[in-house]
Amino acid sequence: MPGVPIPLSEILVATGARIRGQIAHDISFRWIERNSKAVQPGDLFIAVSGERFDGHQFIADAAEHGAAAALVSQAWADLQTDVPLPLLVVDDPVAALQQIAAYRRRNLDLTVIGITGSIGKTSTKEVVAAIVGQKDRTYRSPGNMNSEIGLPLSLLEVDRADRYGVFEMGGAYAFGELALLAEIARPLIGVVTNVHPVHLERMGSIENIAITKRELVESLPPDGLAVLNGDDPRVLDMAGYANCEIVTYGLRPTNDIWASDVQTHGMRGTSFRLHADGETLNVRIPLVGGHAPYLALPAIAIGRWLGLHISEIVPGFDDPGIQVRLLVLEGPNGSTMIDDTYNASAPSVLSALDLLEEMAPGRRIAVLGDMRELGEESEGQHRLVGRRATEVVDHLITYGPLATLIADEARERSAETGGRVTDIRSFETDQREDLIAWLASNTTEGDTVLLKGSRGLEMERIVAALEPAAK
């Protein structure tokens, strides 16, 4: 960001905003920015009201940083007599942002691919974008900009020369969220990766999560394509709600496109036999971990649907941006760190433990943090991870109050059946420095340290403190 400049005239047509104050009618804004401290000269500041902050409180700060105007609510503007910059007044600034993005989308010659699911959305988005990029110029939304604010901002970043756009869509926080995003982005192709008990505290049940994800499938036009993980029964059930062509993928031969004989080669990637349309091909890709086929298969399915031959698809896997969720770094005292700290759910942690088992011949240390927003499934999911950890790691370290359940289960399982683990210890979130100190003092050359936990734990700060360059 930013993308193409946004003319005031375009905003007025899209939103019907009312101008308050003096502003040139031929102005184009550099960008729409919601963080007043990130505003740059020429930006339009959008006043977003959230759970903790009301963006209207930062109008003056935005003006000091050079904002050309502010997008504000009518209710707030009616109470103001002295404002330091011109205002564009609407009923709801976030709804107005969505209208601006929808207007821009209608005027783009763009094929949109939407990616949703409980886990793996961002990684799948990156892989799909890398493959589609072999056909024509392709935009991919940055990070996990998948919300009612993030997705519209991503659309505004699309260049008019882009022919494909790959967007992560929705975190399953509310019914109707994905339907709204689909109405704005108008995807032709939709991918659903899986349905897992993530965000249960907000959605109440895994069935509700499936319903929200299904909204993407229901939104696809008759000439579109739904790409569904056929190994996940809740995703496969969505085929009955599609009004377009369907392609299923997975490891089972009942899928339209499937992988067999999967072999992982540590950090050297993954190989498998690809089965599609009666053909069987041996494929090797640089994606790491046993879950790699679930990232590769939807991308291959889309590439083939768009007319690419497998020989044109495979080079896309060399894109350095597709391993966005996992970094292998130099650790303290000659050790190796696997930084997978972006987020955590039971399936993703189990996959990370599988990777640790595959690539680490020496001593294995796992630092596992809380898995949040699991609702009633929380204890069972943490204990599931604890059972697997006893089979894989030598030293198990948990971080955070929920993660102590991982340690408890590991101790109980180790006492009953033995296992590989020889040392289990727990740290609370206010003991981050103690955890860093323990790792700095107790790792040696040849050790491999996996670090993974929910985003709110900020475990990347542990990684940063342990890198030799930080010393």
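The shown structure was predicted, so the numbers you read here are calculated from the model rather than taken from an experiment.

Visitor: For the overall build of the protein, give the residues involved together with the corresponding values.
Guide: Scanning the protein for helices and strands turns up 17 helices and 22 strands. Based on the C-alpha atoms only, the size of the protein along its principal axes is roughly 75 × 55 × 40 Å. Every one of the 471 residues in the protein was classed for burial, and the buried ones make up 55%. A sequence separation of at least 24 residues applies to 66% of the contacts in the protein between residues at least 6 apart. Here the protein displays about 19,200 Å² of accessible surface, and carbon together with sulfur accounts for 47% of that area. A distance of 2 Å separates the average location of the 42 positive side-chain charges in the protein from that of its 65 negative side-chain charges.

Visitor: Any chance you could break down the side chain of glutamine 98 for me, citing the residues and the numbers?
Guide: Structurally, glutamine 98 is set in helix H4 (residues 93-106). Apart from residues no more than four positions distant in its own chain, glutamine 98 is found in contact with Glu148, Pro152, Leu180 and Ile184.

Visitor: Hey, could you go over the sheet that holds strand S15 (residues 270-276) for me, with residue numbers and the actual values?
Guide: Ordered by their spatial adjacency, nine strands build an open sheet running S9-S10-S8-S11-S12-S13-S14-S15-S16, and the pairing between neighbours is mixed. At either margin of the open sheet sits one strand with a lone partner, and together these are strand S9 (138-140) and strand S16 (279-285). Each strand axis lies, on average, 20 degrees off the axis of its neighbour in the sheet, ignoring direction. Note: strand S12 (residues 225-229) against strand S13 (residues 245-250), five bridges, orientation parallel. Bridge pairing in S13 links leucine 228 to threonine 248. Taken strand by strand, helix H5 (residues 121-132) contacts strand S8 (111-116), S9, strand S10 (164-168) and strand S11 (189-192), and its axis lies near 170 degrees from that of S10.

What counts as what
- Residues numbered from 1 in each chain as written.
- Predicted model: local features only at pLDDT ≥ 70, side-chain atom pairs only at ≥ 80, totals over all residues.
- Heavy atoms only, no water.
- Helix = DSSP H or I, 4+ residues; strand = E, 2+ residues; numbered from the N terminus.
- Buried < 20%, exposed > 50% of the residue type's maximum accessible area, 1.4 Å probe, protein only.
- Contact = heavy atoms within 4.5 Å.
- Areas by Shrake-Rupley, 256 points an atom, 1.4 Å probe, with all protein chains shown as cover.
- Lys, Arg positive; Asp, Glu negative; His and termini not counted.
- Charge placed at Lys NZ, Arg CZ, Asp CG, Glu CD.
- Pairing = 2+ DSSP bridges.
- Axes fitted to C-alpha atoms, helices over the stretch in contact; angles between N-to-C directions.

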